[in-house]
Amino acid sequence: LSFLVNLRTFPALLLAIALYVMAVKAGLYNTYIPLILANTMMNLPFAIWNVKTVIDGVPKDLEESAMVDGLSRSAVIWKIIVPVATPGLAATAIYVFILTWNEYLFATTFMNSNDMQLVTAVIASAVTQFGVDYGWLMTTAMLASIPAIIMFIAIQRFIVGGLTAGGIKG
C-alpha cells in the first residue's frame, strides 16, 4: 500500500513528459491511448487503496455468520461483502470519474486536434490573452457538468441502498 500511495504523489508533469515522448515515438500522439494510460496511472493507486480500505471495513462477523449459515466463500463475497461495500465502491467510482473528467494536463499534452479535444481544453479555450468569453465559458462548463450529474444520479441509489444491505439475513 505504501508503494501505491507513493505512486499517487508522483508529479503528473514528469509522467506527462515521459508519456509524451513515448507516444510520439510510438506514433500514438493525438490518440486516446496515452491519455487513458496516464489517467490510469494517476488514479488507479488511489482507487486500489480506497477499495482495499472499504473491503477491510466490512465486519468479519458478517462473513463468519454467513459461512455458519452455510454460504460458500464466493456466495459470501457476492451476497454479503459486495452489498455492504457498495457505498464505498460507488464513492470511489464517482471520485475517480471526477478526477479523470476534470483532468487538464494530459488532455492538452496528448491532444492537439480540434476534433479530439477533451472538455477541459474546450472550457480553457474561452480564456485568452485578450479576455474571457464568459458566455462560452459558462455554456461549456454547464454542458461539461451534465455527465457528472448523470453519473451521480445513477450511483446515488447504490450509496443509500448499500448502507443497510448485507446485514440482514434474506
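Rules and cut-offs
Residues numbered from 1 in each chain as written. Predicted model: local features only at pLDDT ≥ 70, side-chain atom pairs only at ≥ 80, totals over all residues. Heavy atoms only, no water. Axes fitted to C-alpha atoms, helices over the stretch in contact; angles between N-to-C directions. Helix = DSSP H or I, 4+ residues; strand = E, 2+ residues; numbered from the N terminus. Left-handed = near helix turned anticlockwise from the far one by under 90°. Contact = heavy atoms within 4.5 Å. Nonpolar A, V, L, I, M, F, W, Y, C, P; charged D, E, K, R; others polar. Buried < 20%, exposed > 50% of the residue type's maximum accessible area, 1.4 Å probe, protein only. Expected span 1.5 Å × (residues − 1). Arc of directions from axis to C-beta. Salt bridge = Lys/Arg side-chain N within 4 Å of Asp/Glu carboxyl O.

What exactly am I supposed to notice about the packing of helix H4 (residues 60-68) against helix H5 (residues 73-101) here?
Any two packed helices are characterised by how steeply their axes cross, that is the angle between the axes, and by the distance between the axes. With their axes 10 Å apart at the nearest point, H4 and H5 run at an angle of 140° to one another. H5 is crossed by H4, and the crossing has right-handed handedness. Here Leu62, Glu63, Ala66 and Met67 of H4 come into contact with H5, specifically with Arg73, Val76, Ile80, Ile81 and Val84. Tallied by class, residues from the contact of H4 with H5 come to 7 nonpolar, no polar and 2 charged.

Whenever I open this one, the side chain of glutamate 103 confuses me. Can you help?
You can see glutamate 103 is positioned in the loop between H5 and helix H6 (105-110). The class for glutamate 103 is buried, based on a relative accessible area of 13%. Those residues in contact with glutamate 103 that lie beyond four places of it in its chain are Leu35, Asn39 and Thr120.

What am I meant to see in helix H2 (residues 12-26) here?
Note on helix geometry: an α-helix contains 3.6 residues per turn, so any two residues three or four positions apart are oriented the same way. In this model H2 runs 20 Å from its N-terminal to its C-terminal C-alpha over 15 residues, within 8% of the 21 Å that 1.5 Å per residue would give. Regarding H2, the residues found buried are Leu15, Ala16, Leu19 and Ala23. In a view along the axis of H2, the buried residues occupy a sector of 95°, so they form one face of it. Exposed side of H2, more than 90 degrees from the buried face: Leu13 and Lys25 are the residues found there. Contacts from the buried residues of H2 go to helix H3 (33-56) and H6. One or two residues past the end of H2 sits glycine 27, with phi positive at roughly 75°.

Honestly, the environment of valine 119 in this entry has me stumped. Any pointers?
As for its placement among the helices and strands, valine 119 is situated in helix H7 (residues 119-124). In this structure the C-alpha to C-alpha distance between valine 119 and leucine 71, which are 48 residues apart in sequence, comes to 47 Å.

Could you clarify how one ought to interpret the pattern of salt bridges in this entry?
Where charged atoms from two side chains of opposite charge come close, those side chains can pair. Using the criterion set out here, one finds 2 salt bridges in the structure. Lysine 52 is paired through a salt bridge with aspartate 56; the nearest N and O atoms lie 2.4 Å apart. With lysine 52 and aspartate 56 both in helix H3 and 4 residues apart, this pair spans about one turn of that helix. Since its relative accessible area comes to 45%, aspartate 56 is described here as partly exposed. Between arginine 73 and glutamate 63 there is a salt bridge whose closest N-O contact spans 3.1 Å.

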